[in-house]
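Observations on chain architecture
Listed below, chain by chain, are the residues.
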Amino acid sequence: MQSWRRKSVWLALSASWLLLVLLGGFSLLRLALPPRPRPRAPQGWPRWLDADLLQSFSQPGELPEDAAQPPRAPHGGSCNWGSCFDTSKCRGDGLKVFVYPAAGPISETHRKILASIEDSRFHTFSPAGACLLLLLSLDAQTGECSSMPLQWNRGRNHLVLRLHPASCPRTFQLGQAMVAEASPTVDSFRAGFDVALPFLPEAHPLRGGAPGQLRQHSPQRGVALLALEEERGGWRTAGSNSSACPWDGRCEQDPGPGQTQRWEMLPNATFCLISGHRPQAASRFLQALQVLAALQEMSPAQVLALRQQTQFLWDAYFSSVEKVIHTTLEVIQDRIFGTSAHPSLLWNSPPGALLALSTFSTSPQDFPFYHLQQGSRPEGRFSALIWVGASGQPPLKLIQAVAGSQHCAQILVLWSNERPLPSRWTETAVPLTVIDGCRKVSDRFFPYSTIRTDAILSLDARSSLSTSEVDFAFVVWQSFPERMVGFLTSSHFWDEAHGGWGYTAERTNEFSMVLTMAAFYHRYYHTLFTHSLPKALRTLADEAPTCVDVLMNFLVAAVTKLPPIKVPYGKQRQEAAPLVPGGPDTGPKLQAPDPNCINQIAAAFGHMPLRSSRLRLDPVLFKDPVSVQRKKYRSLEKP
Amino acid sequence: MCASVKYNIRGPALIPRMKTKHRIYYITLFSIVLLGLIATGMFQFWPHSIESSNDWNVEKRSVRDVPVVRLPADSPIPERGDLSCRMHTCFDVYRCGFNPKNKIKVYIYALKKYVDDFGVPVSNTISREYNELLTAISDSDYYTDDISRACLFVPSIDVLNQNTLRIKETAQALAQLSRWDRGTNHLLFNMLPGGPPDYNTALDVPRDRALLAGGGFSTWTYRQGYDVSIPVYSPLSAEVDLPEKGPGPRRYFLLSSQVGLHPEYREDVEALQVKHGESVLVLDKCTNLSEGVLSVRKRCHKHQVFDYPQVLQEATFCVVLRGARLGQAVLSDVLQAGCVPVVIADSYILPFSEVLDWKRASVVVPEEKMSDVYSILQSIPQRQIEEMQRQARWFWEAYFQSIKAIALATLQIINDRIYPYAAISYEEWNDPPAVKWGSVSNPLFLPLIPPQSQGFTAIVLTYDRVESLFRVITEVSKVPSLSKLLVVWNNQNKNPPEDSLWPKIRVPLKVVRTAENKLSNRFFPYDEIETEAVLAIDDDIIMLTSDELQFGYEVWREFPDRLVGYPGRLHLWDHEMNKWKYESEWTNEVSMVLTGAAFYHKYFNYLYTYKMPGDIKNWVDAHMNCEDIAMNFLVANVTGKAVIKVTPRKKFKCPECTAIDGLSLDQTHMVERSECINKFASVFGTMPLKVVEHRADPVLYKDDFPEKLKSFPNIGSL
């Protein structure tokens, strides 16, 4: 028993020792051998044991109780908006611009700039009433250098437009004047105060301007990826197959298989490399290859977006002298307006800030253009605006038909007629307001404050519509809130014989205008019509009332770049189409406006904005040989 | 295992039975062995832990134990900040060349304690916030511990608050950093610049070319496009939890909560209160607080005591006036409270103004106009105010609320400059999540009517119905605007017919063979597609007339961002089953078109193949069904627009397949299609399809007008 016990104890002991020796041996072994390099986890910033005990960078109380500072006087050397521009002069009318008359002979560009300002809503003839005084400076060609203007006042509230950089020695200090010039240098440019302009060539058109060259959204296959500007005016193209360079600048100096094209030939490439200074050709090629490598990393979606944005920017702000100058003034006006300036979205998406007036609203949802970006939807109601012209008959039947629409929110009757207002109107389910107009055709498109919905159904007292037609047209408008949706159409064409634009109201396979005597559109177009069109054009419409349709269609097409939309209209009435509003009561014949009108308007716009459409939007089951019971808009098909 | 249990059971019985002498002997022996074991164990693990603290477990150290660096009094000092520095002159982008995935790599220098010749520390070693900031960088994707591959270097020398450091010595400390090189590609963070009496608006420490992320820049010191303007962090952000308060009118219209305003400014704001009464509240320091109350968290108006920052939530607008410094921590508190900041600090560069659109979240008023503040604010429409309140809170949540948010936004801005083509967009920086979710940015946003001359490419997906395929080819080739025909041969077991057998047509005909019989092959962006317009057409669609197809193409030109197809379909919500249902009855509405024959932009092929959300693409290939519904979902989702159904066509009737048009098959078909809609809606997380009540017909369709004068007289029927 005893020996058994002893044996077992010894056994246990020796086992323990063995274990001890083994373990110890291993440890010694590990000390003797260098540690194996283990896979290195990145060494981050340490987690300090006493991180919680660290002091804050500012002691409580230090932040708010710093010694206060008195207001500072404007810094001597430089200017900013707050310190160097006096906005008090701009109260009331907003931005009013006075232009100093030119002293001597002026260049073509100079003349265009003057013209574009004088035609704008910003212009004033009185320097005293102006909030901005504009000085066109220093024309190199004429050799004339402007002298100090009369109202200079250290340059306060002045904008100096420099067409040619430093072409004249400075005869006076610019002081507090803002400078608008092409390619300002980063060192002299005062951000938020000066304005950077694009370079304006002599041949740049006054207004209108060529549309962008882009004919399709996405880049074509087989087109060079990059074109680089060359000395002596040419372009060299580099395809996507050119060898890409690593970013460390190690590139082969092989000019590659690119070909040089004439400067005038616009490069047929997706990207163009424009470099500020002109380095040696070789180094430029290296630069280009690096750029190429970077560009190849861009996704097709990015390229697509950039291409379209270039076209939008060109068309909205660059394509004519007028656009460049108006953009400059709009930028300054935004600074004056402060909180009611254009939000960024309005500047950077179609139709652009010149066509989306911030005086209308600063909320993008109020415009017809931004519902998608805002995730909003057009309102579900409309206001009918019925114009009562010469005939002077209260359009009772029309009122009933329109008021019967479930979407109708209100009816406004614009009484534009010598006869006294009738005292009694029919009972309607919706509120009816009578506006006593001032007998001008352009009144029809005045932004009346009584219009409380986004959608307007513009009608003439002699139009005739059924409730079904109104309902369907409105539902279509909700899908296209930026366009005009109308029942009767006409189209424009190029008249070779007369060398001008012509106009026809005959039924054809395509159309480019809808008649505003029965059309849905967004109320924003009233604001645009009244506040952005040159006064001359509105006068033209007042004098030749048949012109007003053309003018409105031009305006909307210039904004949307798209044709209007046609919806079905009762057959029998189409033949007996009512009169063009305002015209003399000469019988039931659609009267085409004077071709002069369309040509005058086209000249004032500087281009032809109208687009043609070859389709009509009908209800899904329109005139299908299926049971009438299935159809929602069945009365549209009644013979 | 069993043995040891036995031993344990028997053990206690063993020892008492032994003789006392032996027992002591054994116990001693046992203890020795045990001690030995313990010692070995310790030996086993002890050196290990010493070793590791040198190796990867560095973290568990105290800030007080960091190495000390002595700066001789005559060690070099960097040049003062170079005001003319720009990214292209002072920043070496080639150092970022090693950085993959358009992401800069940031190295952080190890923490050291700097002392002068007399052993006096140059500054506090590191503040809580700077430690947080470096931790945030270290935890981010920007971090690298490889100094040779870094593009940006962040010193661990804490210069957040200029008051706590010795300027000359700190500059010397910067200059001896191993990669300093005149400060090139070095980034310093500073929130409280300047010092009495004149409080410079940028850090006074000479720093040569180093970038400065500063809180309180003015237009005179800020190097546009080089420096980064950052917020002054408010420690209250972490201490106080202010739940988001919905936008809308609040008790006070305008509130001034800053203490220590210059008397001149205080007079101005008090004048506002006198003029506008109750709607303006001007607060100041409390003078009569009892002991123990934290004065930073209280504000007073006369004898009324308010909790700060909670009181900020009671006001619509909050004044943020310049103090000694331009940057004020109160801006952060104000944003947190969803109060619209009214910034009155001439020439102040607002935080992150390079990317953030402050017009959407604040009102900036020139100091000169202070007396007009009230009328300026009143002219802002209520809707815009509510937008601003929401925006203010969102800016705080995204870019102000923590040191981490500030650090990452700063690095992102620098990253955007170095990789401008991969930069974050304006919308991503500025749109609150709610807007990002609800809004759509149409990839084809430019209103453009592509020229007719370009024409379209027809893509016919086929398996083996050669006869029918040849008929389709012949029919489609009659369409005037067809510019190319592409046959996608989806049968791997059979070769396409010989060249000589194909119909002779006037446009190029290409056959593409696929590797696998998949439905998605129909929507692959083949290199052969050279036009923007694509007509997808099945190999059995022979009933469409040439007029109908030509008209379809012309409609597409007017709506190039939409799917333009013939038979329309509708999705409906089934209230009984609580799910979506597919509808092919003759309804007054459409939300989809069949892609058995449909025009669309080729960009959508790219989207379908490479950007289809979730597993939809594989799902479609596996089920051999619903590729058209998937395409409808995809296009509606990216454009936010409805399809255009053209002409009366309600279904594709193919003479050969009338036999299988049986009722039971029809029903399974409907169930399957409904399943697809439900599956896709759950993958998209929303129902993108838009319902419309219109279709497109030629202008004179069914009008009482001579048929021969119509452009598209031969429009087929149902």
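Basis of the calculations
- Residues numbered from 1 in each chain as written.
- Chains lettered and ligands numbered in written order.
- Predicted model: local features only at pLDDT ≥ 70, side-chain atom pairs only at ≥ 80, totals over all residues.
- Heavy atoms only, no water.
- UniProt positions renumbered as here; feature names shortened; annotations may be inferred.
- Helix = DSSP H or I, 4+ residues; strand = E, 2+ residues; numbered from the N terminus.
- Contact = heavy atoms within 4.5 Å.
- Areas by Shrake-Rupley, 256 points an atom, 1.4 Å probe, with all protein chains shown as cover.
- Lys, Arg positive; Asp, Glu negative; His and termini not counted.
- Charge placed at Lys NZ, Arg CZ, Asp CG, Glu CD.
- Disulfide = S-S within 2.5 Å.
- Buried < 20%, exposed > 50% of the residue type's maximum accessible area, 1.4 Å probe, protein only.
- Axes fitted to C-alpha atoms, helices over the stretch in contact; angles between N-to-C directions.
- Parallel < 35°, antiparallel > 145°, perpendicular 65-115°, else oblique.
- Nonpolar A, V, L, I, M, F, W, Y, C, P; charged D, E, K, R; others polar.
- Core = buried A, V, L, I, M, F, W, Y, C linked by side-chain atoms within 4.5 Å.
- Pairing = 2+ DSSP bridges.
- Right-handed = clockwise from strand over helix to strand, strands pointing away.
- Domains from an automatic or database assignment.
- Arc of directions from axis to C-beta.

Under an unreviewed UniProt entry, the name given to chain B is Exostosin-2, and the organism recorded is Sapajus apella. In its Pathway (unreviewed entry) section, the UniProt entry covering chain B states "Protein modification; protein glycosylation." Per UniProt, the comment on chain B under Cofactor (unreviewed entry) is "Mn(2+)".

In the nomenclature of an unreviewed UniProt entry, chain A is known as Exostosin-like 1 of Sapajus apella. Under the heading Sequence similarities (unreviewed entry), UniProt records this for chain A: "Belongs to the glycosyltransferase 47 family." UniProt annotates chain A under Function (unreviewed entry) with the comment "Glycosyltransferase required for the biosynthesis of heparan-sulfate (HS). Transfers N-acetyl-alpha-D-glucosamine to the nascent HS chain (GlcNAcT-II activity). Appears to lack GlcNAcT I and GlcAT-II activities."

Looking at the overall build of chain B
Helix and strand content of chain B: 19 helices and 25 strands. Structurally, chain B occupies a C-alpha span of about 100 × 100 × 55 Å along its principal axes. Taking all contacts inside chain B whose residues are at least 6 apart in sequence as the whole, residues at least 24 apart take part in 75%. With an accessible surface of roughly 30700 Å², chain B has 54% of that area assigned to carbon and sulfur atoms. Across chain B, the centroid of the 80 positively charged side chains sits 6 Å from that of the 86 negatively charged ones.

Here's the deal with the state of the cysteines
Residue and element names in this part refer to chain B. In this structure the tally under the stated criterion is seven disulfides over all chains. A sulfur-sulfur separation of 2.1 Å characterises the disulfide bridge that pairs Cys96 with Cys151. For the disulfide bridge between Cys96 and Cys151, the dihedral angle about the S-S bond is near 50 degrees, and by the sign convention the bridge is right-handed. Of this pair, Cys96 sits in the loop between α3 (87–90) and β2 (106–108) while Cys151 sits in the loop between α4 (128–139) and β4 (152–154), placing them 55 residues apart in sequence. A residue is classified by how much of its surface remains accessible, and Cys96, at 1% relative accessible area, is buried. One disulfide bridge connects Cys318 with Cys339, the sulfur atoms lying 2.1 Å from each other. Measuring the twist about the S-S bond at about 105 degrees, one finds the Cys318-Cys339 disulfide to be right-handed. Of the two residues, Cys318 sits in strand β12 (residues 315–321) while Cys339 sits in the loop between α8 (330–336) and β13 (340–344), which places them 21 residues apart along the sequence. For Cys318, a relative accessible area of 1% puts it in the buried group. Exposure remark for Cys339: the relative accessible area of 0% places this residue in the buried category.

Concerning the packing of helix α11 (residues 524–531) of chain A against helix α13 (residues 547–560) of chain A
Residues and elements named next belong to chain A. Their axes nearest at 11 Å, the elements α11 and α13 cross at an angle of 110 degrees. When the axis of α11 is compared with that of α13, the two are roughly perpendicular. The segment α11 lies against α13, with Tyr525, His526, Leu528 and Phe529 engaging Val548, Leu551, Met552, Leu555, Val556, Val559 and Thr560. Counted by class, the contact of α11 with α13 contains nine nonpolar, two polar and no charged residues.

Considerations on the side chain of Glu693 of chain B
Inspection of the secondary structure puts Glu693 of chain B in the loop between α19 (663–684) and β25 (694–698). Residue class for Glu693 of chain B comes out buried when judged on its relative accessible area of 10%. Setting aside residues up to four positions removed in sequence, Glu693 of chain B forms contacts with Phe472, Val475, Asp618, Pro619, Val620, Lys632 and Tyr633 of chain A together with Asn588 and Glu589 of chain B.

Thoughts on the nonpolar core
Across soluble globular proteins, nonpolar side chains have a tendency to be buried as a group. By size, the foremost hydrophobic cluster in this structure holds 177 residues, and its most contacted members are Phe382, Val402, Ile411 and Ile601 of chain A together with Phe680 of chain B. Per element, the largest residue contribution to this core is eleven residues, and it comes from α13 of chain A. Ignoring sequence-local partners within four residues, the contact set of Ile411 of chain A consists of Ala384, Ile386, Ile399, Val402, Ala403, Val430, Pro431, Leu432 and Thr433 of chain A.

Quick word on the pairing of strand β10 (residues 382–388) of chain A
Residue and element names in this part refer to chain A. Burial within β10 is extensive, with seven of its seven residues counted as buried. Bridging between β10 and strand β11 (residues 408–415) involves seven bridges; their strand directions are parallel. Across the sheet, residue Ala384 finds its bridge partner in β11, namely Ile411. With helix α9 (residues 396–403) bridging β10 and its parallel neighbour β11, the resulting β-α-β unit is right-handed. The sheet contact formed by β10 and strand β13 (residues 455–460) spans six bridges and is parallel. For Ser383, the partnering residue across the bridge sits in β13 and is Ile456.

Points about the domain arrangement of chain B
Often, the extent of an interface is quoted as the loss of accessible area on bringing the components together. What the domain assignment lists for chain B is domain 1 (59–229), domain 2 (236–401) and domain 3 (456–684). Taken over C-alpha atoms, the centre of domain 1 of chain B sits 60 Å from the centre of domain 3 of chain B.

Notes on the packing of helix α10 (residues 382–400) of chain B against helix α11 (residues 403–418) of chain B
The packing of two helices is summarised by the inter-axis angle and the distance between the axes. Residues and elements named next belong to chain B. The contact between α10 and α11 brings their axes to 7 Å, and the two run at 80 degrees. As judged from the angle between their axes, α10 and α11 are roughly perpendicular. Residues Ala398, Tyr399 and Phe400 of α10 form the contact with α11, whose own contacting residues are Ala405, Ile406 and Ala409. Residues that form the contact of α10 with α11 fall into these classes: six nonpolar, no polar and no charged.

Notes on helix α17 (residues 616–623) of chain B
Taken together, the buried positions of α17 of chain B are occupied by Ile616, Trp619, Val620 and Asp621 of chain B. A positive backbone phi angle near 55 degrees is found at Met624 of chain B, which sits one or two residues after α17 of chain B.

Here's the deal with helix α15 (residues 595–605) of chain A
All names here are of chain A. Among all positions in α15, only Cys597, Ile598, Ile601, Ala602 and Phe605 are buried. An end-on view of α15 places all buried positions within 130 degrees of arc, on one side of the element. With its phi angle positive at about 85 degrees, Gly606 sits one or two positions after the end of α15.

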